[in-house]
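Coordinates in review
The chain contents come next:
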Amino acid sequence: MKVIALLPTRNEAWVLPHSLACLSGFCDVIIVNDQNSEDNTRDVCRTFPKVVLLEQSQSVICGKARWQLWDAARNYDGNNLLWCTDPDELMSPALARQFLSRQRDALMPGTAIECLFYHPPRLDRYRDDMSLYGPYWKPLAA
């Protein structure tokens, strides 16, 4: 089983180095679907060896970008764990590796994994209140 990250992007250079570093710590492949970014998002992606970059010549709606990522992930043989996230949703690589080492044998096709999600308004802070921005449980892998 491979762990394949699916990451839609558009003008995410501000957070992408952090996101790709985290994902590189526990994913085998990171498929990035860039929606014609106007910053250096694509250049950042090219500096990470696990990234497979899908480059779009125009922006598409988020749902379509995610379906393109799912289609690209189908090119990898086996029952793989697809880790669906956005660049500003950071995961601790150590915690993800620990979870995967304990649960890998229990993960059956069709299983969804949820994580407690905190919204970071900045890279050095997160919200922990009862607002729309968290924390809340969010499905992130299947």
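Quick summary incoming for the structure in this document. Here the structure is a predicted model, which means the values were calculated and not measured.

Cut-offs and rules
Residues numbered from 1 in each chain as written. Predicted model: local features only at pLDDT ≥ 70, side-chain atom pairs only at ≥ 80, totals over all residues. Heavy atoms only, no water. Helix = DSSP H or I, 4+ residues; strand = E, 2+ residues; numbered from the N terminus. Buried < 20%, exposed > 50% of the residue type's maximum accessible area, 1.4 Å probe, protein only. Contact = heavy atoms within 4.5 Å. Areas by Shrake-Rupley, 256 points an atom, 1.4 Å probe, with all protein chains shown as cover. Phe/Tyr/Trp six-rings, centres within 6.5 Å; stacked < 30°, edge-to-face > 60°. Polar contact = N/O pair within 3.5 Å; in protein donor to acceptor, adjacent residues only side chain to side chain.

1. Notes on the overall build of the protein
- For the protein, the helix and strand inventory stands at four helices and six strands.
- Split into buried and exposed, the 142 residues of the protein put 38% on the buried side.
- A fraction of 62% describes how many contacts in the protein between residues 6 or more apart in sequence connect residues 24 or more apart.
- Surface exposure of the protein reaches about 8300 Å², of which carbon and sulfur atoms provide 53%.

2. A closer look at the packing of aromatic side chains
- This model, assessed by the stated rule, comprises one aromatic pair.
- Measuring from ring centre to ring centre gives 4.8 Å for F26 and W83, while their planes differ by 70°; the resulting arrangement is edge-to-face. Separated by 57 residues along the polypeptide, F26 in the loop between α1 (16-24) and β2 (29-34) and W83 in strand β4 (residues 81-84) bring together distant segments of the chain.

3. What to know about the side chain of T9
- For T9, the position within the fold is in strand β1 (residues 3-9).
- By relative accessible area, T9 is classed as buried at 2%.
- There is a polar contact of 3.0 Å between the side chain of T9 and the side chain of D34.
- With residues near it in sequence (within four places) discarded, T9 still touches L16, V32, N33, D34, Q35, S37, T41 and P87.

4. So, the environment of I4
- By the secondary structure assignment, I4 is in strand β1.
- Among the residues examined, I4 registers a relative accessible area of 0% and is labelled buried.
- For the pair I4 and I31, spaced 27 residues apart in sequence, the C-alpha separation works out to 7.2 Å.
- Setting aside residues up to four positions removed in sequence, I4 forms contacts with V29, I31, A73, Y76, N80, L81, L82 and W83.

5. Here we look at unusual backbone geometry
- The phi dihedral of N11 falls on the positive side, at around 55°, and the residue is not glycine.
- Examined against the element boundaries, N11 turns out to sit in the loop between β1 and α1.
- For N11, a relative accessible area of 27% puts it in the partly exposed group.
- Look at N36: it is not a glycine, yet its phi comes out positive at around 60°.
- You can call N36 partly exposed: its relative accessible area is 31%.

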